[in-house]
Amino acid sequence: MLSQEYDVCARVAGGSNAGHTIVVEGKKYKFHLLPSGILNEKATCVIGNGVVIHLPSFLNEIDGLTASGIDAEGRILLSDRAHIVFDFHQEVDGISENRLGRNKIGTTKKGIGPAYASKISRNGIRVGDLKNFDFFEMRFRELADATMRAHPGLEIDVDGQLEYYRSIAARVGAMTTDTIEFTNEAYDSGKKILIEGANATMLDIDFGTYPYVTSSNPSIGSVLTGLGVSPKKIHGIYGTTKSYCTRVGEGPFPTELERDEPGSIGEHLGVVGAEWGTTTGRARRVGWLDIPQMKYSTLINGFTAINLTKLDVLTGLAEVKIGRAYKHKGKILNTMPSCLKTMSEIEVIYETLPGWTEDISKARNFEDLPVNAQRYVLRVQELLGVPIRWIGCGANRLDMIDRGEGWDLSSNPDESI
């Protein structure tokens with residue numbers, strides 16, 4: 001939606017563990033590493049230094065878009081400082097997850113955590129290293145040897161992997177650049193820049209439901225560290241949330257509803273909302289909207305407006321609930337618990353609102369919504385204290401209500417990021 005209005009679209013954190021689906025004129029496009037701005041033929045897409053990249057998956061994603069008729073030639077830039085996810089990182093991810101047994105994290109097994117671990121251990125390999133293949137080979141052999149020593153029984157076809165990376169080095173090199181310089185020069189020249197988030201604040205390695213989190217910072221700080229821009233350049237900060245709550249993998253889910261029971265509300269949300277992970281194909285867990293988590297995310301990120309998606313999925317429910325507050329041992333909590341034991345003991349206080357049955361997929365103005373749908377949106381907005389500017393009313397990218405700049409706390413709509 002927004003990406004169609006921007007000159008530059010960027011990813012700044014995570015990797016191919018974050019997937020999202022966009023429907024354009026009935027055609028589905030699934031993204032894992034590329035920003036959805038690639039569908040805007042005028043936009044340049046940047047993969048920032050904070051992203052970890054599994055190059056085989058990345059190239060397959062590009063090839064898939066080409067087969068779908070999307071010309072991405074010359075419009076994708078890779079940071080020379082972005083770290084590479086190797087196949088053995090993915091194997092290590094699976095080994096580590098299996099060792100946890102019943103205490104598994106629910107990782108996508110895409111190698112994201114192990115790749116970030118290599119980065120933090122200072123033996124990781126960056127995309128820019130491919131431009132000097134002798135240096136790349138030396139670093140790869142060292143990293144592969146260290147990984148096999150750390151995981152007895154793991155075998156890495158070092159020569160086979162080096163042959164593969166030699167074969168793609170020129171193609172990857174043509175897309176590789178100093179994206180810090182590119183992004184800041186684009187800003188200075190007046191280009192409009194959009195940073196697309198991946199995952200969610202409650203999966204943030206620092207702020208989320210640790211240890212059931214991802215290995216990066218899918219919150220506002222990653223824009224600075226994962227792209228290399230000053231905080232002075234950030235303008236609108238838009239939070240995207242569904243009209244209900246979902247989660248893939250393990251971890252606390254206070255407002256969760258049972259999905260497997262036929263005829264249940266949980267089944268309705270899962271099936272009507274098509275809640276299967278884009279990356280893993282796993283059924284997403286579903287539940288009512290969680291205001292304490294949303295307020296916590298708003299506090300951290302400083303959202304200037306909210307994009308409330310999938311309101312249409314609630315159509316047909318006799319009642320809709322909002323998780324308004326957490327109570328623990330008789331006391332209302334004013335902050336998000338850091339301890340999982342506390343999270344497991346909280347009681348959710350709900351508000352119940354009347355539902356609606358009218359089809360809202362053709363609504364393009366707020367007044368087109370049924371009164372009860374309007375009341376739901378306004379109540380969520382009231383509880384958050386942040387305006388809801390965009391409202392998703394259907395599966396297509398354009399099935400959207402934009403209430404306009406008056407519903408955006410950004411002070412200057414002419415700023416670039």
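Above this text sits the structure in question.
Everything in this summary refers to the structure shown in the same document. Quick caveat, the model's predicted, so the values are computed rather than measured.

Let us look at helix 1 (residues 55-67). Counted at 1.5 Å a residue, the expected span for helix 1 with its 13 residues is 18 Å, and the 18 Å between its end C-alpha atoms agrees. Turning to helix 1, its buried residues number three or more, namely Leu 55, Pro 56, Phe 58, Leu 59, Glu 61, Ile 62 and Leu 65. Gly 69 occupies a position one or two residues after helix 1 and carries a positive phi of about 95°.

Before going further, it helps to examine the pattern of salt bridges. What the rule picks out here adds up to 18 salt bridges. Arg 149 is paired through a salt bridge with Asp 145; the nearest N and O atoms lie 2.2 Å apart. One end of the pair is Arg 149 and the other is Asp 145, both in helix 4 (residues 133-150) and four residues apart, which spans about a single turn. The exposure class of Arg 149 is exposed, given its relative accessible area of 58%. Residue classification places Asp 145 among the partly exposed positions, given a relative accessible area of 38%. Close ionic contact of Glu 275 with Arg 284 constitutes a salt bridge, the shortest N to O distance being 2.7 Å. An identical accessibility class is assigned to Glu 275 and Arg 284; each is buried.

Another aspect to go through is the layout of surface pockets. Where empty space is left can be seen by rolling a probe of water-molecule size over the atoms. Within this model, the second largest pocket holds a volume of roughly 310 Å³. Forming the boundary of the second largest pocket are 14 residues, of which Pro 292, Lys 295, Leu 333, Asn 334 and Thr 335 lie nearest the centre. Of the residues forming the lining of the second largest pocket, the biggest block, five residues, is contributed by helix 9 (residues 291-301). In terms of residue class, the lining of the second largest pocket is made up of 10 nonpolar, two polar and two charged.

What follows is about the sheet that holds strand 13 (residues 285-287). As summarised here, the arrangement of the three strands in space is 11-13-12, forming an open sheet in which the pairing is antiparallel. Bordering the open sheet on either side are strand 11 (245-247) and strand 12 (256-257), each of which pairs with just one other strand. Of the pairings in the sheet, the one linking strand 12 to strand 13 comprises two bridges and is antiparallel in character. Looking at strand 13, one finds that Leu 257 is bridged to Val 286. Against the sheet, helix 8 (residues 265-272) engages strand 12 and strand 13, with an angle of about 120° to strand 13.

Two numbers describe a pair of aromatic rings. These are the distance of the centres and the angle of the planes. On inspection of all chains with the given rule, the structure shows 12 aromatic pairs. Residues Phe 140 and Tyr 165 carry aromatic rings whose centres are separated by 6.4 Å and whose planes lie at 45° to one another, so their mutual orientation is tilted. You can see Phe 140 sitting in helix 4 and its partner Tyr 165 sitting in helix 5 (residues 158-175), a full 25 residues away along the chain. Comparing Phe 140 with Tyr 165, the two get one shared label, buried. Centroid distance Tyr 238 to Trp 390: 4.9 Å. Interplanar angle 80°. Geometry classified as edge-to-face. Here Trp 390 lies in strand 19 (residues 388-392) and Tyr 238 lies in strand 10 (residues 238-242), a separation of 152 residues in the sequence.

What counts and what doesn't
Within any chain, residue numbers begin from 1 and follow the written order of that chain's sequence. Two thresholds apply to this predicted model, a pLDDT of at least 70 for residue-level local features and 80 or more for giving and counting side-chain atom pairs, whereas whole-chain, interface and lining totals are computed over all residues. Processing note: side-chain calculations cover all non-hydrogen atoms of the structure and skip hydrogens and water entirely. Here a strand is any run of E in DSSP of at least two residues, a helix any run of H or I of at least four, and the numbering for each starts at the N terminus. Residue count minus one, scaled by 1.5 Å, sets the expected span of a helix. Throughout, exposure labels follow a simple rule: accessible area from a 1.4 Å probe, protein chains only, divided by the maximum for the residue type, with under 20% read as buried, over 50% as exposed, and the rest as partly exposed. Every case where a carboxyl oxygen of Asp or Glu lies within 4 Å of a side-chain nitrogen of Lys or Arg is listed as a salt bridge. Cavity: a set of points on a 1 Å grid over the protein atoms alone where a 1.4 Å probe fits but cannot get out. Pocket: an open set with protein on both sides within 12 Å along at least five of seven lines, its lining residues, like those of a cavity, having an atom within 4 Å of a point. Grid points are joined across faces, edges and corners, and a volume is the space filled by probe spheres set on the points. Put simply, Ala, Val, Leu, Ile, Met, Phe, Trp, Tyr, Cys and Pro go in the nonpolar bin, Asp, Glu, Lys and Arg in the charged bin, and everything else, Gly too, in the polar bin. DSSP calls a pair of strands paired once it identifies at least 2 bridges connecting them. Contacts are assigned to residue pairs with any non-hydrogen atoms lying within 4.5 Å of each other. The axes are straight lines fitted to the C-alpha atoms, using for helices just the contacting stretch, and the angles between their N-to-C directions are given from 0 to 180°. Working definition: rings of Phe, Tyr and Trp (its six-membered ring) pair if their centres are within 6.5 Å, and the pair is stacked with planes under 30 degrees apart, edge-to-face with planes over 60 apart, and tilted otherwise.

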